[in-house]
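Structure at a glance
For reference, the chains in residue letters:
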Amino acid sequence: MTKQRAFLKWAGGKYNLIEPITAMLPHGNKLIEPFVGAGSVFLNTDYPKYLLNDVNPDLITLFKFVKRRPKRFIEDARQLFTASTNTADAYYHLRQQFNQSQDSYERSLLFLYLNRHGYNGLCRYNLSGQFNVPFGQYLRPYFPQAELEFFAEKAQRAVFTCMSFEHVFRRARKGDVIYCDPPYAPLSLTANFTHYASGGFSLDDQSELARRAELAAYKRGIPVLISNHDTDFTRLLYRRAQLNKLQVSRFISPNAEGRSKVAELLALYSRAVDNVVPLTTRIRKQAP
């Protein structure tokens, strides 16, 4: 199957990890994503149904409009991808318009514009909830028509929600599969989190997610796969899961010098692997 790109640029997007993720995802009637982001896993799997959630209301509202009115949305959004809108003055004017707008359709159009014209495709808000990503200075920002059309067609199988991950877990039923791509734990406990929406994702949230994954898999028979950084903290959290370690390229700057490899984990909670000795335990036993 040809890999499909999301129509949004997204920090931490999973396009480059589709193969190892799909290799570990069990079959099921529905894929549930409590942290859907740009939707790369959704776009590159083939479940009968999907429940796609994110705490960012701008993102979920955009997805709903693309699902319901794809032709109109594409026609209207294309008008924001012109030479006259690809200047710093135009960008900051439209960013202010987005921050002041109460119209959900206008905000959705501008969200796509800001995503494609802003620096590195970041999605960042200040403490007041104002989108504050600077102008990206791209020569010719790409208008993702084909990606929008593919998303809109596949979204007919999906329900989009904007709620906490705890609420999403409560909606899961036997036969469903859950894939979690939460805001990553810091590489060190003094590092700052990246905020994709107002609020944040604390160490307590990381622990609660792991607890709920264990309960879903081992008490309710609902398999859960989680992506995260590979750290001592996450290995402790996921000690009852089957772990797959990956080396992933991270693009932390537009220049080649800013590319680095970061260790990540895929943690699978499933009754089928409940008897597998966790990777963390195996490593400790082998250590001198």
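Given the structure is predicted, the values throughout are model-derived calculations rather than measurements.

Attention now goes to the nonpolar core. What tends to happen in soluble globular proteins is that the nonpolar side chains get buried as a cluster. Counting 58 residues, the largest nonpolar core has Leu8, Phe63 and Phe73 as its most contacted members. Ranked by residue count, the leading element in this core is helix 6 (residues 104–117), at seven residues. Per-domain counts for this core show at least three residues from each of domain 1 (17–55 + 163–269) and domain 2 (63–145). Each residue touching phenylalanine 73, except ones within four places of it in the same chain, is listed here: Leu62, Phe65, Val66, Tyr105, Ser108, Leu109, Leu112 and Leu148. Within the second largest apolar cluster, 26 residues are counted, among which are Val168, Cys180, Ala216 and Leu237.

Attention now goes to the packing of aromatic side chains. Tallied over the entire structure, the rule returns 22 aromatic pairs. Taking the centre distance of 5.1 Å and the plane angle of 90° together, the rings of phenylalanine 7 and phenylalanine 151 count as edge-to-face. With a gap of 144 residues between them, phenylalanine 7 in the segment before helix 1 (18–24) and phenylalanine 151 in helix 7 (residues 145–154) connect regions that are remote in the sequence. Between phenylalanine 63 and phenylalanine 151, the ring centres sit 4.7 Å apart and the planes meet at 35°, which makes this aromatic pair tilted. On the criterion of sequence distance, the pair formed by phenylalanine 63 in helix 3 (residues 57–68) and phenylalanine 151 in helix 7 is long-range, its members being 88 residues apart. In this structure, phenylalanine 63 and phenylalanine 151 share a single accessibility class: buried. Here the aromatic residues Phe7, Phe42, Tyr47, Tyr50, Phe63, Phe151 and Phe160 are joined through ring pairs into a cluster of three or more. Its end group placed over the ring of phenylalanine 65, arginine 68 keeps NZ or CZ at 5.5 Å from the ring centre.

Moving on, we come to the confidence of the model for the chain. For the chain, per-residue confidence averages 89 on the pLDDT scale, and residues scoring 70 or more make up 87% of the total. A low-confidence stretch, residues 193–198 (pLDDT under 50), is modelled with 22 contacts involving residues beyond four sequence positions or located in other chains. Low pLDDT, under 50, characterises residues 275–288; the stretch is placed with 11 contacts to residues that sit more than four places away or in other chains.

What follows is about the layout of surface pockets. Empty space left among the atoms is revealed by rolling a probe the size of a water molecule over them. Roughly 150 Å³ of volume is contained in the second largest pocket. Taken together, Thr22, Leu25, Pro26, His27, Gly28, Asn44, Thr45, Asp46 and Tyr47 form the lining of the second largest pocket. For the lining of the second largest pocket, a count of residues per class yields three nonpolar, five polar and one charged.

Next up on the list: the side chain of asparagine 53. Assignment of secondary structure puts asparagine 53 in strand 2 (residues 49–53). Polar contacts involving the side chain of asparagine 53 include one to the main-chain amide nitrogen of cysteine 162, which spans 3.4 Å.

For the rest of this paragraph, the subject is the pattern of salt bridges. Following the criterion strictly, the structure yields 10 salt bridges and no others. Note that arginine 240 and glutamate 214 form a salt bridge whose closest N and O atoms lie 3.5 Å from each other. Within this pair, whereas arginine 240 is found in the loop between helix 10 (232–237) and strand 6 (242–251), its partner glutamate 214 is found in helix 9 (residues 203–218), the two being separated by 26 residues in sequence. Using a relative accessible area of 37% as the deciding quantity, one classes arginine 240 as partly exposed. One salt bridge in this structure joins lysine 245 and aspartate 230, with 3.9 Å as the shortest N-O distance. Remark: aspartate 230 occurs in the loop between strand 5 (224–229) and helix 10 and lysine 245 occurs in strand 6; sequence separation between them is 15 residues. Among the residues examined, lysine 245 registers a relative accessible area of 45% and is labelled partly exposed. Each of Glu208, Arg211 and Arg212 takes part in one network of salt bridges that share partners.

Reading guide: rules and limits
- Residues numbered from 1 in each chain as written.
- Predicted model: local features only at pLDDT ≥ 70, side-chain atom pairs only at ≥ 80, totals over all residues.
- Heavy atoms only, no water.
- Core = buried A, V, L, I, M, F, W, Y, C linked by side-chain atoms within 4.5 Å.
- Buried < 20%, exposed > 50% of the residue type's maximum accessible area, 1.4 Å probe, protein only.
- Helix = DSSP H or I, 4+ residues; strand = E, 2+ residues; numbered from the N terminus.
- Domains from an automatic or database assignment.
- Contact = heavy atoms within 4.5 Å.
- Phe/Tyr/Trp six-rings, centres within 6.5 Å; stacked < 30°, edge-to-face > 60°.
- Lys NZ or Arg CZ within 6 Å of the ring centre and 35° of its normal.
- pLDDT = per-residue confidence, 0-100.
- 1 Å grid on protein atoms, 1.4 Å probe; cavity = no way out; pocket = protein on both sides within 12 Å on 5 of 7 lines; lining within 4 Å.
- Points joined across faces, edges and corners; volume = space filled by probe spheres on them.
- Nonpolar A, V, L, I, M, F, W, Y, C, P; charged D, E, K, R; others polar.
- Polar contact = N/O pair within 3.5 Å; in protein donor to acceptor, adjacent residues only side chain to side chain.
- Salt bridge = Lys/Arg side-chain N within 4 Å of Asp/Glu carboxyl O.

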